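For reference, the chains in residue letters:
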Amino acid sequence: MAEFVDRVVLYVKAGDGGHGCASIHREKFKPLGGPDGGNGGRGGDVILEVDPSTSTLLDYHHRPHRRAVSGKQGMGANRDGANGPDVVLKVPNGTVVKDAKTGEVLVDLIGAGTRYVAAQGGHGGLGNAALASPKRKAPGFALLGEPGDEADVVLELKTVADVALVGFPNAGKSSLIAALSAARPKIADYPFTTLVPNLGVVTAGETVFTVADVPGLIPGASEGKGLGHEFLRHVERCSTIVHVLDCATIEPGRDPLTDVAVIEGELAAYGELEDRPRLVVLNKIDVPEARELADMVRPMLEEQGMRVFEISAATHEGLRELSFAMAEMVRADRAERPVEEPTRIVLRPKQLGDAGFSVRRVDENTFQVTGEKPERWIRQTDFTNDEAVGYLADRLDRLGIEKALAEAGATDGAEVIIGPMEGGYVFDWRASLESGAVHQGPRGSDDRLA
């Protein structure tokens, strides 16, 4: 029997972008034919995609590290590097993706074909052909490819089923789902035989629905006792809850009425389950004492407004009536529920007028610059090439960072950190550096940095 895994930590790394190429076209009688370096290829993404044929996260439990291919470097003769292929990871319907560090829910993947980019590939660097301009007619540098995203995400499967069978351990839930469907769960006469949910497909007339055998609940499950939340998580998406009560139990302090009260208390404490329609199943009436007890408690449960069925999973007595009652409730829920659509990934564009960066004074003569553009430009710059550094200075000045630093009180020699305080790029600021000048001198140099 295949192992069921419903929670894994996945480590994903997108592909890095390929570096751009710095090349000059050369042929006979044309020793300096102009820049012809191609752009680097884009790194591959790591994408999560809902696949209805996938029912477990077992593959990611065994192989939790997934990496996409990096883009290729650009080449001369205006040849761009190849893009890295995306890595598409198939996940079951109903997979919740969370940030492993913060626990924040990133996306709830519902609907076949729904996709979420867990790690985005890095952009390829521009070659010197794309960087040529009237001020730099033959750039002696190219931009570096950006590193791809890295992320640690938690994949958590909330079983998508129509009916949840809940009850104490050994109440007969596994036997019932085996009798109702073709599922063959592990069945034995000891507590916690079922450690993971079992799913079965049931046909009643023209209605086909899925039933989840949720592992046995115990008092305190909503507080995490036993496998508490691991069990209750699988009830959230079920439209109908069926209490399976053991009428043949010999445990002290146990009876159907007490069992219902305890399980209802745990469901209420977990939250968001009070409005689900209920059915009550009095199981194991093939045992004479159990049948007598079922006949005794049935009127009491019906007085509480519950619809009650007496069944035997062993002899299949009462199963037809139960399956059609469950089908009736499933049909009613489906008729009221809106059509399930794939999860929409919401993109939030930046506010108009956003400068794209911020300057913060850290201490007397230290300043921090943060923002997507300046941090990305830093990653793209080859600091072994003076011309590339001069190009970076021009970009930062056009963005307004030079002016913002001066307004914040920066003076010559001030320490400026672009990016995070730890791991950011640190340099000494000079307000006298002329920006936007026409590049002169050998390729790869910048006379402003002499």
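Read on for a plain summary of the structure. Just so it is clear, the structure is predicted and the values come from calculations on it, not from any experiment.

## A short note on unusual backbone geometry
Part 1 of the reasoning: Despite not being glycine, N78 shows a phi value in the positive range, around 60°.
Part 2 of the reasoning: Examined against the element boundaries, N78 turns out to sit in the loop between strand 3 (65–67) and strand 4 (87–91).
Part 3 of the reasoning: Even without glycine at this site, H316 takes up a positive phi of about 70°.
Part 4 of the reasoning: Structurally, the position occupied by H316 is in the loop between strand 14 (308–310) and helix 7 (319–336).

## Details of the pairing of strand 6 (residues 105–109)
Part 1 of the reasoning: Sheet topology note: the strand 5 (residues 95–99)/strand 6 ladder contains four bridges and is antiparallel. When the sheet's bridge partners are listed, T95 is paired in strand 6 with L109.
Part 2 of the reasoning: What sits between the antiparallel neighbours strand 5 and strand 6 is a turn of five residues, in which G103 has the positive phi angle 80°.

## Brief notes about the environment of E150
Part 1 of the reasoning: Along the chain, E150 falls in strand 8 (residues 150–157).
Part 2 of the reasoning: Overall, E150 belongs to the exposed group, its relative accessible area being 63%.
Part 3 of the reasoning: Residues E150 and G121 lie 29 residues apart in sequence; the distance between their C-alpha atoms is 9.3 Å.
Part 4 of the reasoning: In this structure, E150 is in contact with V12 and K13, ignoring residues within four places of it in sequence.

## Re a negative patch on the surface
Part 1 of the reasoning: On the surface, a cluster of negative charge is made up of D363, E364, E415 and D428.
Part 2 of the reasoning: Turning to its location among the elements, E364 is positioned in the loop between strand 15 (358–363) and strand 16 (366–370).

## What to know about helix 6 (residues 288–303)
Part 1 of the reasoning: Its 16 residues place the ends of helix 6 24 Å apart at the C-alpha level, agreeing with the 22 Å of an ideal helix rising 1.5 Å per residue.
Part 2 of the reasoning: The sharpest bend along helix 6 comes to roughly 35°, located at V297, with the proline P299 sitting one to four residues further on.
Part 3 of the reasoning: Packed against the buried residues of helix 6 are strand 12 (240–246), helix 5 (256–270), strand 13 (278–283) and strand 14.
Part 4 of the reasoning: At the C-terminal side of helix 6, G305 shows a positive phi close to 85°.

## Points about the sheet that holds strand 2 (residues 46–50)
Part 1 of the reasoning: Strand order in the open sheet made by the three strands is 4-2-7, with mixed pairing throughout. Each edge of the open sheet carries a strand with a single partner, namely strand 4 and strand 7 (115–119). Direction aside, the axes of adjacent strands within the sheet are offset by 30° on average.
Part 2 of the reasoning: With four bridges joining them, strand 2 and strand 7 adopt antiparallel strand pairing.

Calculation rules
Residues numbered from 1 in each chain as written. Predicted model: local features only at pLDDT ≥ 70, side-chain atom pairs only at ≥ 80, totals over all residues. Heavy atoms only, no water. Helix = DSSP H or I, 4+ residues; strand = E, 2+ residues; numbered from the N terminus. Pairing = 2+ DSSP bridges. Buried < 20%, exposed > 50% of the residue type's maximum accessible area, 1.4 Å probe, protein only. Contact = heavy atoms within 4.5 Å. Patch = residues over 30% accessible without salt bridge, like charges linked within 9 Å, V, L, I, M, F, W, Y side chains within 5 Å. Areas by Shrake-Rupley, 256 points an atom, 1.4 Å probe, with all protein chains shown as cover. Salt bridge = Lys/Arg side-chain N within 4 Å of Asp/Glu carboxyl O. Lys, Arg positive; Asp, Glu negative; His and termini not counted. Charge placed at Lys NZ, Arg CZ, Asp CG, Glu CD. Expected span 1.5 Å × (residues − 1). Bend = angle between axes of the 7 residues up to and from the residue. Axes fitted to C-alpha atoms, helices over the stretch in contact; angles between N-to-C directions.

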